[in-house]
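Below are the chains, spelled out letter by letter.
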Amino acid sequence: MLACVCAAALCAGAAVRLTAGYGRGLRRARLLFADTGVPDQALAGPLRGRWAAEARARAGRLGREWLCLPPAVVLAVLGESVLPLIAGALAVPLMRRRLRAGERKRARERRADGIVALCGTAAGELRAGLQPVQALLAASAATGGLAGAEAAVLAAARFGGDVPRALRQAAGESGADGLVGLAACWRVAVDGGAGLAAGLDRLEAALRAERDQREALRAQLAGAWSTVVLLALLPVAGLLLGSALGADPLRVLLHTPAGWGLLLVGGALESVGLWWAARIVRAGEAS
């Protein structure tokens, strides 16, 4: 009963928040277009589409973060205890932190891949006869490799600014380290008269080789990560085996003082073991 009430409250809160956001958007549009004679139906159409897109995005984020609760609800119902619900609620911020770290890692890898593509495309545009600034901006528009630094680079080029400095500033973003090499190639081409296209080709080859090495190392460490996941699932397998043998481990763990102590010590050991195993794998990946 408690689990159903909690789930209903969460769903109702999410619905109220999304509906309130849609209402605020519609009221703001009415104020902005009050004197233009635009009907509410014309305003509600685009807002409804935007609201639906935002609702889908929020639901996706919410669903990924709150996937810890359904197993906790099942365990709470089977074990007739509130402890699994508490554990599930505590796991939500940890899962959110993990998901955000994964999103940042994927964004960093996408940015690095975009810079590799940027170097190759810019070299091709230079050989096609474009000027360096036009080639760089055309390549950025095609690949997204500058990661929002197009305005700064264009302003530096148009008003006689320092284009390599703008590129180095853009390299401060996570995963954009390759822009430092691009800035160096630009500086050498401007000051020394060397071919920028040839430098970009060599930079692309170096960045591509680094990416391939990183992917090969990740493939080699896939077995180690599988071992970590297997270690994490061993306690669940133990609980299922005990239930199959009729030992009723949930009652012992959730309703007896000895079970609480075992649950606390076992959870601490499991967390430390997973942290240590993940640390070893990440150390090998970082090397």
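First, a word on what this report is: a plain description of the structure on this page.

Conventions adopted
Residues numbered from 1 in each chain as written. Predicted model: local features only at pLDDT ≥ 70, side-chain atom pairs only at ≥ 80, totals over all residues. Heavy atoms only, no water. Salt bridge = Lys/Arg side-chain N within 4 Å of Asp/Glu carboxyl O. Helix = DSSP H or I, 4+ residues; strand = E, 2+ residues; numbered from the N terminus. 1 Å grid on protein atoms, 1.4 Å probe; cavity = no way out; pocket = protein on both sides within 12 Å on 5 of 7 lines; lining within 4 Å. Points joined across faces, edges and corners; volume = space filled by probe spheres on them. Nonpolar A, V, L, I, M, F, W, Y, C, P; charged D, E, K, R; others polar. Expected span 1.5 Å × (residues − 1). Buried < 20%, exposed > 50% of the residue type's maximum accessible area, 1.4 Å probe, protein only. Bend = angle between axes of the 7 residues up to and from the residue. Core = buried A, V, L, I, M, F, W, Y, C linked by side-chain atoms within 4.5 Å. Contact = heavy atoms within 4.5 Å.

### Examining the pattern of salt bridges
Oppositely charged side chains can form a pair if their charged atoms are brought close together.
Now for step 1: Under the defined criterion, the tally for this structure stands at six salt bridges.
Now for step 2: In this structure, Arg211 and Asp113 form a salt bridge, with 3.5 Å as the shortest nitrogen-oxygen distance. Here Asp113 lies in helix H4 (residues 83–127) and Arg211 lies in helix H9 (residues 196–220), a separation of 98 residues in the sequence.

### Some words on empty space enclosed by the protein
Now for step 1: Going through the model one piece at a time under the given rule, you end up with one cavity of 30 Å³ or more.
Now for step 2: For the largest cavity, the calculated volume is near 40 Å³.
Now for step 3: Secondary-structure elements contributing two or more residues to the lining of the largest cavity are H4, helix H5 (132–143), helix H8 (178–192) and H9.
Now for step 4: Of the residues forming the lining of the largest cavity, the biggest block, three residues, is contributed by H5.
Now for step 5: Within the lining of the largest cavity, the residues separate by chemical class into nine nonpolar, no polar and no charged.

### What about H9?
Because each turn of an α-helix spans 3.6 residues, side chains separated by three or four positions end up pointing in the same direction.
Now for step 1: The end-to-end C-alpha distance of H9, which contains 25 residues, comes to 36 Å, matching closely the 36 Å that a straight helix rising 1.5 Å per residue would cover.
Now for step 2: Along H9, the positions that sit buried rather than exposed are Leu196, Ala197, Gly199, Leu200, Leu203, Glu204, Leu207 and Arg211.

### Quick word on the layout of surface pockets
Now for step 1: In this structure, the largest pocket spans a volume of roughly 2,300 Å³.
Now for step 2: Ala91, Ala232, Glu270, Ser271 and Leu274 are, among the 39 residues lining the largest pocket, the residues nearest its centre.
Now for step 3: For the lining of the largest pocket, the elements supplying multiple residues, two or more each, are helix H3 (69–79), H4, helix H10 (222–244), helix H11 (249–255) and helix H12 (257–286).
Now for step 4: Each residue belonging to the lining of the largest pocket can be placed in one class, and the counts come to 30 nonpolar, five polar and four charged.
Now for step 5: Its boundaries defined by the atoms lining it, the second largest pocket holds a volume of some 940 Å³.
Now for step 6: Lys105, Arg108, Glu109, Arg214 and Arg218 are the residues nearest the centre of the second largest pocket, which is lined by 30 residues in total.
Now for step 7: Of all the elements in the fold, those that place two or more residues in the lining of the second largest pocket are H4, H9 and H12.
Now for step 8: Broken down by element, the residue count for the lining of the second largest pocket peaks at 13 residues, all from H4.
Now for step 9: Counted by class, the lining of the second largest pocket contains ten nonpolar, five polar and 15 charged residues.

### With respect to H10
Now for step 1: Helix length check: H10, at 23 residues, gives a terminal C-alpha distance of 32 Å against a target of 33 Å (1.5 Å per residue), a fit within 8%.
Now for step 2: At Leu233, H10 shows its maximal kink, close to 35°; a proline, Pro235, follows between one and four residues later.
Now for step 3: Once H10 ends, the next one or two residues include Gly246, with phi positive near 85°.

### Examining the nonpolar core
Now for step 1: Counting 33 residues, the largest nonpolar core has Leu136, Leu146, Leu167, Leu179 and Leu182 as the members making the most contacts within it.
Now for step 2: For this core, the elements supplying multiple residues, two or more each, are H4, H5, helix H6 (150–158), helix H7 (163–170), H8 and H9.
Now for step 3: When sequence neighbours within four positions are dropped, the list of residues in contact with Leu179 reads Ile115, Leu118, Leu146, Leu167, Ala170 and Ala171.

### Notes on the environment of Arg158
Now for step 1: Position of Arg158 among the secondary structure elements: in helix H6.
Now for step 2: The class for Arg158 is exposed, based on a relative accessible area of 63%.
Now for step 3: Remark: the alpha-carbon pair of Arg158 and Val133, spanning 25 residues in sequence, is separated by 9.1 Å.

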